[in-house]
Amino acid sequence: MSIFHRIIEGIKDACYIWRQELKQVFRDEGVLIFCVIVPLVYPLLYSWIYNNEVVREVPVVIVDDSHSQLSRQFIRMCDASPDVKIFSFADDLDEAKMLVSRQLAKGVYYIPADFATNVNRMKQGVIGVYCDMSLMLTYKAIYQTAVAVTQTMGAEIQRRVSGNWTAREDQITTRPLAFEDVPVFNPAGGYGNFIIPAVLMLIIQQTLVLGIGLAAGTARERNRYSDLVPIHKCYGGIYRIVCGKAMCYLMIYAVMSAYLTIAVPRMFSFIAMIHWQDLVALMVPYLLACTFFGLTVSCLVHYRENVMLLMVFLSLPLLFMSGVSWPQSNIPGYWQGVSWLFPSTFGIRAFVRMNTMGGVLSDVVTEIRCLWIQAAAYFGTACLVYGFQVRLTRRHAMERLEVLRKKREIRLQLKKKTEKQ
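Read on for an overview of the structure. Sequence order sets the numbering: in each chain, residues are counted from 1 along the sequence as written. Confidence filtering applies because this is a predicted model: local features only for residues at pLDDT of at least 70, side-chain atom pairs given and counted only at 80 or more, and all residues used for totals across whole chains, interfaces and linings. To get the side-chain values, take all heavy atoms of the structure and skip hydrogens and water.

## Looking at the overall build of the chain
Defined as follows: The helix count covers DSSP runs of H or I at least four residues long, the strand count covers runs of E at least two residues long, and both are numbered beginning at the N terminus. The quantity called the radius of gyration is restricted to C-alpha atoms. Its globule counterpart is 2.2 Å times the number of residues to the power 0.38. Burial status follows relative accessibility: with a 1.4 Å probe on protein chains alone, a residue under 20% of its type maximum counts as buried, one over 50% as exposed, and anything between as partly exposed. In what follows, a contact means two residues having at least one pair of non-hydrogen atoms within 4.5 Å. In this tally, Asp and Glu contribute negative charge and Lys and Arg positive charge; neither His nor the terminal groups of the chain are included. Lys charges are placed at NZ, Arg charges at CZ, Asp charges at CG and Glu charges at CD.
Across its full length, the chain carries 14 helices and four strands. A compact globule built from 421 residues should have a C-alpha radius of gyration of about 22 Å, whereas the chain, at 32 Å, is more than 25% larger. For the chain, the C-alpha atoms occupy an extent of roughly 125 × 55 × 35 Å along the three principal directions. Taken across its 421 residues, the chain has 43% of its residues classed as buried. Long-range contacts, defined here as pairs at least 24 residues apart, represent 80% of the contacts in the chain between residues at least 6 apart. Distance between charge centres in the chain, computed from 43 positive and 32 negative side chains, equals 18 Å.

## Section: a positive patch on the surface
Stated formally: Patch definition: residues above 30% relative accessible area lacking any salt bridge, with like charges linked at up to 9 Å and the nonpolar side chains Val, Leu, Ile, Met, Phe, Trp and Tyr linked at up to 5 Å. All accessible areas in this document rest on Shrake-Rupley with a 1.4 Å probe, and a residue is counted as covered only by the protein chains that are shown. By salt bridge we mean one thing: a side-chain nitrogen of Lys or Arg within 4 Å of a carboxyl oxygen of Asp or Glu.
A surface patch of like charges, here positive, comprises Arg19, Lys23, Arg27 and Arg222. It is helix 1 (residues 3–27) that contributes the most residues to the positive patch, three residues altogether. Checked against the element boundaries, Arg222 lands in helix 8 (residues 191–222).

## Focus on the packing of aromatic side chains
Operational definition: The criterion for an aromatic pair is that two Phe, Tyr or Trp rings (for Trp, the six-membered ring) have centres within 6.5 Å, with stacked assigned to planes under 30 degrees apart, edge-to-face to planes over 60 apart and tilted to the rest.
Taken as a whole, this structure holds nine aromatic pairs when the rule is applied. Geometrically, the ring pair formed by Phe293 and Tyr378 is edge-to-face, given 5.1 Å between the ring centres and 70° between the ring planes. Of this pair, Phe293 sits in helix 10 (residues 276–298) while Tyr378 sits in helix 14 (residues 365–420), and the two are 85 residues apart along the sequence. For Tyr378, a relative accessible area of 14% gives the class buried. Considering the side-chain rings of Tyr334 and Trp335, the 5.2 Å spacing of their centres and the 75° angle between planes classify their relative orientation as edge-to-face. A residue is classified by how much of its surface remains accessible, and Tyr334, at 62% relative accessible area, is exposed. Among the aromatic residues, ring-to-ring pairing joins Tyr239, Phe292 and Phe379 into one connected group.

## Focus: the nonpolar core
What counts, and what does not: The nonpolar core is taken to be a set of buried Ala, Val, Leu, Ile, Met, Phe, Trp, Tyr and Cys residues, with the residues joined through side-chain atoms within 4.5 Å.
If you look at the biggest cluster of nonpolar residues, it comprises 75 residues, and the most contacted ones within it are Met201, Ile204, Tyr253, Leu282, Met283 and Leu295. Of all the elements in the fold, those that place two or more residues in this core are helix 1, helix 2 (29–49), helix 8, helix 9 (238–267), helix 10, helix 11 (304–321), helix 13 (343–355) and helix 14. Per element, the largest residue contribution to this core is 15 residues, and it comes from helix 8. Residues within four places of Leu282 in sequence aside, it is in contact with Met201, Gly347, Ala350, Phe351, Met354, Ile368 and Leu371. Counting 21 residues, the second largest nonpolar core, distinct from the first, contains Val58, Ile111, Phe115 and Ala146.

## Observations regarding a nonpolar patch on the surface
A contiguous nonpolar patch, built from Ile3, Phe4, Ile7, Ile8 and Ile11 and spanning about 510 Å² of accessible area, is present on the exposed surface. The exposure class of Ile3 is exposed, given its relative accessible area of 65%.

## Things to note about the packing of helix 1 against helix 9
Note the cut-off: Think of each axis as a best-fit line through the C-alpha atoms, taken over the contacting stretch in the case of a helix, with angles from 0 to 180 degrees between the N-to-C directions. Reported orientations rely on four angle classes, namely roughly parallel under 35 degrees, roughly antiparallel over 145, roughly perpendicular from 65 to 115, and oblique for the rest. Crossing handedness follows the turn of the near helix against the far one: under a right angle anticlockwise gives a left-handed crossing, and clockwise gives a right-handed one. Amino acids outside the nonpolar list (Ala, Val, Leu, Ile, Met, Phe, Trp, Tyr, Cys, Pro) and the charged list (Asp, Glu, Lys, Arg) are all regarded as polar, and Gly is one of them.
Interhelical geometry of helix 1 versus helix 9 gives an angle of 50° and a closest axis separation of 7 Å. Here helix 9 runs oblique to helix 1, going by the angle between their axes. Viewed along their axes, helix 1 and helix 9 form a crossing whose handedness is right-handed. Of helix 9, the residues touching helix 1 (which contributes Glu9, Gly10, Asp13, Ala14, Ile17, Trp18, Glu21, Leu22 and Val25) are Arg240, Ile241, Gly244, Lys245, Met247, Cys248, Tyr249, Met251 and Ile252. In terms of residue class, the contact of helix 1 with helix 9 is built from 11 nonpolar, two polar and five charged.

## What to know about the packing of helix 2 against helix 9
At their nearest, the axes of helix 2 and helix 9 sit 10 Å apart, and the two run at 10° to each other. Between helix 2 and helix 9, the interaxial angle falls into the category roughly parallel. For the pair helix 2 and helix 9, contact is made by Phe34, Cys35, Val36, Pro39, Leu40, Pro43, Leu44 and Ser47 and by Tyr249, Ile252, Tyr253, Met256, Tyr259, Leu260, Val264 and Met267, respectively. Counted by class, the contact of helix 2 with helix 9 contains 15 nonpolar, one polar and no charged residues.

And the structure:
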């Protein structure tokens, strides 16, 4: 055959594999759930849970050993804040800790007996803040409320004892440096705008790899010799197998990624400042890298359950190693090197910078290049592992033909003996 006919034949085989893989996606309930239903439903549930952005009215227990006018003022101001609600009063810390352990309250404000005495003697008064650290948002609300109230009370006491004559002098005394606290790229200080963009990109990678792995496990279970590649003339070439399977999942996730990165943030009014041209330039290498990464991992899957145990376990570490939930500068170099093996690391960083921080394509050139490098590297590894699978399938086919040949010879010998008798 000429080169042109070989190319045409390879395209036909790749399209056949594409069609067969697409049929398997919609016939296999597990693959259908992870490739279609989970990307459609899970982001809605996750976004709906965090749609409130901040926590309000966090229950707090008060232990007031001072019983003074200043302690009652502190309690009233804390209860008047939007973030904290006075749930109950306790006689001592042990009773307060019991309420926190029963999850009836999330924190404790302890006012010692010498609080008012120290303040009246021009000494520093101390208030103890005990928080349930299992939830960082409740800790933030309880601690920041206590800090804001104590600063306000301190400014009022400082104004009374300063002996100033004018309001301007009081203002300079209590607040010599005027400032305004505005969280950059997240003015509301909400948790949804902070974490949802990273989670959406991670969902794309995890569900894609899970779907490819489940499809590979199904193919092995249906094959007599547990081979990944079936015995068929269209599965004779390595590139046509990899390209055919990749086209199937790229077609599905081209739609899913548009839904996750464009529709979901706008449905819940999250920050979305990325332009569609930049989004396309990011998602093309990201989807290619995730797809070829999934094809590489799928060759290691012998049972459907294996890929679920592997990828679900990695979800939380990958989110931390991306540098969004935990500062990238504080991640050890070894773990940063491990994170470079996964497309989600660079995909999350690039998407967050462009979508949440208003960056453009030139600001994430490094991440885009790394994604293209990963796409090329994982395409090579996918071809290598599928080349091994093709050779394994051929060997099993030859062994089967050899067994059939021997059985045929035995039958012919038995037939000849029977005829002689």
